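Structural features, examined
The chain contents come next:
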Amino acid sequence: MRRAVCPGSFDPITNGHLDIIGRASKLYDVVHVAVMINQSKKGLFTVDERIELIRQVTADFGNVQVESFHGLLVDFCKQRDIPAIVKGLRAVSDFDYELQMAQMNNGLSGVETLFVPTNPTYSFLSSSLVKEVATWGGDVSHLLPPLVHRALVDRLAQE
């Protein structure tokens, strides 16, 4: 069975993330979406909320499994026998950082990293930017799945 992982914080998941996950789901039998737990950062959504949102918006793919991870991504991969990491690249600046991570991960464990160029429609998109724009009342509805947009609007109303 061909397996890959798409890692990230997904706070919240965007249409750009979904594009990469969807494309990976066509190439692999199982795609694990690994939601990173970073104790030093306070996310807008809890890890459990992110996992549930991702499960709902990826359900139609049929071969996506969503779970959290803490620690080294290569350990997550080893524990699940996942030989490949799929990462979206928005710009050259992403490549500089991601190449170093890919080389380190491969050196630590032999796990390969595949870079997928982001759909140009989403080349500027990040969860941080979406949250910032939404916080100031900007319309980000076209950048998120409707379910996620509703959750974001509701959460910001509580802040």
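Residues numbered from 1 in each chain as written. Predicted model: local features only at pLDDT ≥ 70, side-chain atom pairs only at ≥ 80, totals over all residues. Heavy atoms only, no water.

**Quick notes on the overall build of the protein chain**
Along the protein chain, the regular secondary structure elements total 6 helices and 5 strands. Principal-axis analysis of the C-alpha atoms gives the protein chain an extent of 45 × 30 × 30 Å. Among the 159 residues that make up the protein chain, the fraction classed as buried is 46%. The long-range fraction of contacts in the protein chain, counting pairs at least 24 apart against all pairs at least 6 apart in sequence, stands at 75%. Here the protein chain displays about 8,800 Å² of accessible surface, and carbon together with sulfur accounts for 53% of that area. (Helix = DSSP H or I, 4+ residues; strand = E, 2+ residues; numbered from the N terminus. Buried < 20%, exposed > 50% of the residue type's maximum accessible area, 1.4 Å probe, protein only. Contact = heavy atoms within 4.5 Å. Areas by Shrake-Rupley, 256 points an atom, 1.4 Å probe, with all protein chains shown as cover.)

**Side note on the side chain of Asn-105**
With respect to the helices and strands, Asn-105 occurs in helix α4 (residues 92-109). Ignoring sequence-local partners within four residues, the contact set of Asn-105 consists of Val-74, Ile-85, Gly-110 and Val-111.

**What about the state of the cysteines?**
Each disulfide consists of a covalent bond between the sulfur atoms of two cysteine residues. Applying the stated rule across the entire model yields 0 disulfides. Between Cys-6, a cysteine without a disulfide, and Cys-77, which holds the nearest cysteine sulfur, the sulfur-to-sulfur distance is 11 Å. A residue is classified by how much of its surface remains accessible, and Cys-6, at 4% relative accessible area, is buried. (Disulfide = S-S within 2.5 Å.)

**Some thoughts on the packing of helix α2 (residues 47-58) against helix α6 (residues 146-158)**
For any two helices packed against each other, the geometry comes down to the angle between their axes and how far apart the axes lie. Contact pair α2 / α6: the axes reach a minimum separation of 10 Å and the direction vectors enclose 155 degrees. Relative to α6, the element α2 is oriented roughly antiparallel. Of the residues in α6, those in contact with Glu-49, Leu-53, Gln-56 and Val-57 of α2 are Leu-147, Val-148, Ala-151 and Arg-155. A class-by-class count of the residues in the contact of α2 with α6 yields 5 nonpolar, 1 polar and 2 charged. (Axes fitted to C-alpha atoms, helices over the stretch in contact; angles between N-to-C directions. Parallel < 35°, antiparallel > 145°, perpendicular 65-115°, else oblique. Nonpolar A, V, L, I, M, F, W, Y, C, P; charged D, E, K, R; others polar.)

**What to know about the sheet that holds strand β1 (residues 3-8)**
Taken in spatial order, the 5 strands of this open sheet run β3-β2-β1-β4-β5, and their pairing is parallel. The sheet terminates laterally at β3 (64-69) and β5 (112-117), the two strands that pair on one side only. Pairwise comparison of adjacent strand axes, ignoring direction, gives a mean angle of 30 degrees for this sheet. Where β1 and strand β4 (residues 84-89) come together, 2 bridges link them in parallel fashion. When the bridges of β4 are listed, Val-5 appears paired with Ile-85. On the sheet, α2 packs against β2 (30-36) and β3 and is oriented at approximately 170 degrees with respect to β3. (Pairing = 2+ DSSP bridges.)

**Here we look at helix α1 (residues 15-27)**
In this model, α1 (13 residues) spans 19 Å end to end at C-alpha, consistent with the 18 Å of a helix rising 1.5 Å per residue. If you follow the buried residues of α1, they end up packed against β1, β2, α2, β3, β4 and β5. Where α1 begins, the side chain of Thr-14 points an oxygen toward the backbone nitrogen of Gly-16, at a separation of 3.2 Å. (Expected span 1.5 Å × (residues − 1). Polar contact = N/O pair within 3.5 Å; in protein donor to acceptor, adjacent residues only side chain to side chain.)

**So, the packing of aromatic side chains**
Enumeration over the complete set of coordinates arrives at 2 aromatic pairs. Pairing Phe-69 with Phe-76 gives two aromatic rings, centres 5.7 Å apart and planes at 55 degrees, and the pair type is tilted. Of the two residues examined, Phe-69 and Phe-76, each falls in the buried class. Between the aromatic rings of Phe-95 and Phe-115, the centroid separation amounts to 5.8 Å while the plane-to-plane angle is 70 degrees, which identifies the pairing as edge-to-face. Taken as a pair, Phe-95 in helix α4 and Phe-115 in strand β5 lie far apart in primary sequence, 20 residues in all. A residue is classified by how much of its surface remains accessible, and Phe-95, at 34% relative accessible area, is partly exposed. When the ring centre of Phe-76 is taken as origin, the NZ or CZ atom of Arg-80, which lies over that ring, is 3.8 Å away. (Phe/Tyr/Trp six-rings, centres within 6.5 Å; stacked < 30°, edge-to-face > 60°. Lys NZ or Arg CZ within 6 Å of the ring centre and 35° of its normal.)

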